[in-house]
Amino acid sequence: MGGGGQKEEAGEPGSGKAAGVYTWEEVQKHRSRRDQWLVVNRKVYNISQWARRHPGGSHVISHYAGEDATEAFTAFHPDQTFVQKFLKPLQIGELAETEPSQDGNKDAAIIQDFKTLRSELEKEGLFRAKPLFYCLHLGHILLLEALAWIMVSYWGTSWTLTLLCAAMLATSQAQAGWLQHDFGHLSVFNKSKWNHLVHKFVIGHLKGAAASWWNHLHFNHHAKPNVLSKDPDVNMSGIFVLGSVQPVEYGIKKIKHLPYNHQHQYFFLLGPPLLIPIIFNLQVLHVMISRRNWVDLIWYLSFYARFFSCYLPLYGFFGSVALIMFVRFLESHWFVWVTQMNHLPMNIDHEKRRDWLTMQLQATCNIDQSFFNDWFSGHLNFQIEHHLFPRMPRHNYQQVGPQVRQLCEKHGIPYETKTLWQGMADVVRSLKTSGELWLDAYLHK
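The shown structure was predicted, so the numbers you read here are calculated from the model rather than taken from an experiment. (Residues numbered from 1 in each chain as written. Predicted model: local features only at pLDDT ≥ 70, side-chain atom pairs only at ≥ 80, totals over all residues. Heavy atoms only, no water.)

Peer 1: Account for the overall build of the protein chain, naming residues and giving values.
Peer 2: When helices and strands are counted, the protein chain shows 18 helices and 6 strands. For the protein chain, whose C-alpha radius of gyration is 23 Å, the value lies close to the compact-globule estimate of 22 Å for 445 residues. When its C-alpha atoms are laid out on the principal axes, the protein chain stretches across 80 × 55 × 45 Å. In the protein chain, which comprises 445 residues, the proportion classed as buried is 54%. The contacts of the protein chain with a sequence gap of at least 6 include a subset with a gap of at least 24, amounting to 73%. With the model as given, the accessible surface of the protein chain reaches about 20900 Å², and the carbon-plus-sulfur share is 61%. Across the protein chain, the mean location of the 42 positive side-chain charges is 6 Å away from that of the 37 negative side-chain charges. (Helix = DSSP H or I, 4+ residues; strand = E, 2+ residues; numbered from the N terminus. Rg over C-alpha atoms; globule rule 2.2 N^0.38 Å. Buried < 20%, exposed > 50% of the residue type's maximum accessible area, 1.4 Å probe, protein only. Contact = heavy atoms within 4.5 Å. Areas by Shrake-Rupley, 256 points an atom, 1.4 Å probe, with all protein chains shown as cover. Lys, Arg positive; Asp, Glu negative; His and termini not counted. Charge placed at Lys NZ, Arg CZ, Asp CG, Glu CD.)

As structure tokens, this is what we get:
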């Protein structure tokens, strides 16, 4: 969230209310597309005009229209004092003294305990990154890239060496994906501008994607994970039906874009193989060109300039295109299984406006810790801790885990952990279950 815009008159004519003092009932009236208020630290802001200029995208801030956004505001912004100068012109008042700080279904005790935990973790220095960790991570990515090219340059382009080269490049791409994720969440440098700059380099030059595209999608996901119509990760455009609510709704409405009772089978054809090579590439190009984001486009082109300058002399044009597509194909399988095993089998529903801890735990689960699982998933096996503290450096998740688990136990919130194999199997199992729910509703309701 950030600011700019004109301050409106506080209070409504004839309302009988003190100027600039509002109830939750009044705030909640302003959650339409063109009329949006939200609350941060009991202050009421009109973001109707500002939302379009919000650096994180209009959707991520609009998701909290009509409700208390304090926890999300804290989670996403490293320098809240700096952001306040943008928020101030948007302030139209504050909550009445008789109003609680939280709205709707949000639990005041959970919110306070989570706030206390965050403060303790900040005091312990767990939001500070270790430069050596990220230098070594970047180093092993660059080493894989270099070794892959040196191998085929000196020993030839036989099928065996080409397949090994593709595997090494896919590994470097997957690991670069986890690294750009760190910079995108502002969890490496103290200064946001350095995170943004290195993020463009890693996602653009090392991966051939766009920072603006990633930010738009990913922060929406974090703001409202597994919330239908708000989280882009569960917006499957009618290709899949997810959870237990959406399949029944589709079935009752007799919506049948595809035979959803077989989605756990065609997932293997449409999901892992196509997401990065086709869908993400088209999205990236569309976002950069439609929004005229020429900086991201230059970073994007620099990746392909480097790749083709290295591999054109060895494979020719069509061979180089085939190589990068195969690398994307391998990386896509890696990416899909890691990202979906933490969310797809969890609760997927419409907006319930829960407190931050409850909302994130309902939508996420963890995968067992091990050196391999940490590396393989970019520490996203600690998905719960990552979603609760998106700006925390990932090498600290393991230290935070026991305290998060203790807090969940105190408030009776399930903290789910699985094996790597179980997490992947649950992706298919959940798709099958959702497909069966759709078929039952389609035939009998």
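Peer 1: Tell me about the packing of aromatic side chains, and please be specific about residues and values.
Peer 2: Tallied over the entire structure, the rule returns 37 aromatic pairs. Aromatic side chains F114 and F389 sit 5.3 Å apart centroid to centroid with 20° between the ring planes, which places their arrangement in the stacked category. Highlighted residues: F114 in helix α5 (residues 108-123) and F389 in the loop between α16 (383-388) and α17 (397-411), separated in sequence by 275 residues. Per residue, the accessibility class of F114 equals that of F389, and both read buried. Judged by centre distance (5.9 Å) and plane angle (80°), the rings of W214 and F219 are edge-to-face. (Phe/Tyr/Trp six-rings, centres within 6.5 Å; stacked < 30°, edge-to-face > 60°.)

Peer 1: I'd like a rundown of the packing of α5 against α17, residues and numbers included.
Peer 2: Put simply, α5 and α17 touch, their axes get as near as 11 Å, and they point 165° apart. Viewed along their axes, α5 and α17 adopt a mutual orientation that is roughly antiparallel. Regarding α5 and α17, the two cross each other, and that crossing is right-handed. In this structure, α5 contributes A109, I110, D113, F114, L117, E120 and L121 to the contact, and α17 contributes V400, Q403, V404, L407, K410 and H411. (Axes fitted to C-alpha atoms, helices over the stretch in contact; angles between N-to-C directions. Parallel < 35°, antiparallel > 145°, perpendicular 65-115°, else oblique. Left-handed = near helix turned anticlockwise from the far one by under 90°.)

Peer 1: So what about unusual backbone geometry? Which residues, and what values?
Peer 2: We note that S229 has phi near 75°; this positive angle belongs to a residue other than glycine. You can call S229 exposed: its relative accessible area is 75%. Even without a glycine there, the phi angle at K254 is positive, about 60°. Looking at the element boundaries, K254 is found in the loop between α10 (246-252) and α11 (263-270).

Peer 1: Go over the pairing of strand β3 (residues 43-46) with me, naming the residues and quoting the values.
Peer 2: Note: strand β2 (residues 37-40) against β3, 4 bridges, orientation antiparallel. Counterpart to V39 in the pairing with β3 is V44. Adjacent in sequence and paired antiparallel, β2 and β3 are bridged by 2 residues, among which N41 carries a positive phi angle near 50°. When β3 meets strand β4 (residues 91-95), the two strands line up antiparallel, connected through 3 bridges. Residue pairing in the sheet places K43 in a bridge with E94 of β4. (Pairing = 2+ DSSP bridges.)

Peer 1: Describe in detail the state of the cysteines, supporting the description with residues and values.
Peer 2: Enumeration over the complete set of coordinates arrives at 0 disulfides. Unpaired in this structure, C408 has its nearest cysteine sulfur neighbour in C365, at a distance of 13 Å. Accessibility expressed as a relative area gives 1% for C408, which makes it buried. (Disulfide = S-S within 2.5 Å.)

Peer 1: Outline the side chain of H205, supporting the account with residue identities and numerical values.
Peer 2: Note on placement: H205 falls in helix α8 (residues 192-206). The contacts of H205, once residues within four sequence positions are left out, are K200, W299, S302, F303 and R306.

Peer 1: Can you lay out α8 for me, pointing to particular residues and giving the numbers?
Peer 2: Between the first and last C-alpha of α8 there are 20 Å, a value that for 15 residues agrees with the 21 Å anticipated at 1.5 Å per step. Every buried residue of α8 is listed here: N195, V198, H199, V202, I203, G204, H205 and L206. Contacts made by the buried residues of α8 are with α6 (131-155), α7 (159-184), α9 (211-223) and α13 (294-340). Just past α8, the residue G208 takes up positive phi, approximately 75°. (Expected span 1.5 Å × (residues − 1).)

Peer 1: Describe a nonpolar patch on the surface, listing the residues and the values that go with them.
Peer 2: On the surface, I239, L269, L270, L274, I278, I279, L282 and M325 cluster together into a nonpolar patch covering about 640 Å² of accessible area. The set of elements that each furnish at least two residues to the nonpolar patch consists of α11 and α12 (275-290). A per-element tally of the nonpolar patch places α12 first, with 3 residues. By secondary structure assignment, the location of L270 is in helix α11. (Patch = residues over 30% accessible without salt bridge, like charges linked within 9 Å, V, L, I, M, F, W, Y side chains within 5 Å. Salt bridge = Lys/Arg side-chain N within 4 Å of Asp/Glu carboxyl O.)

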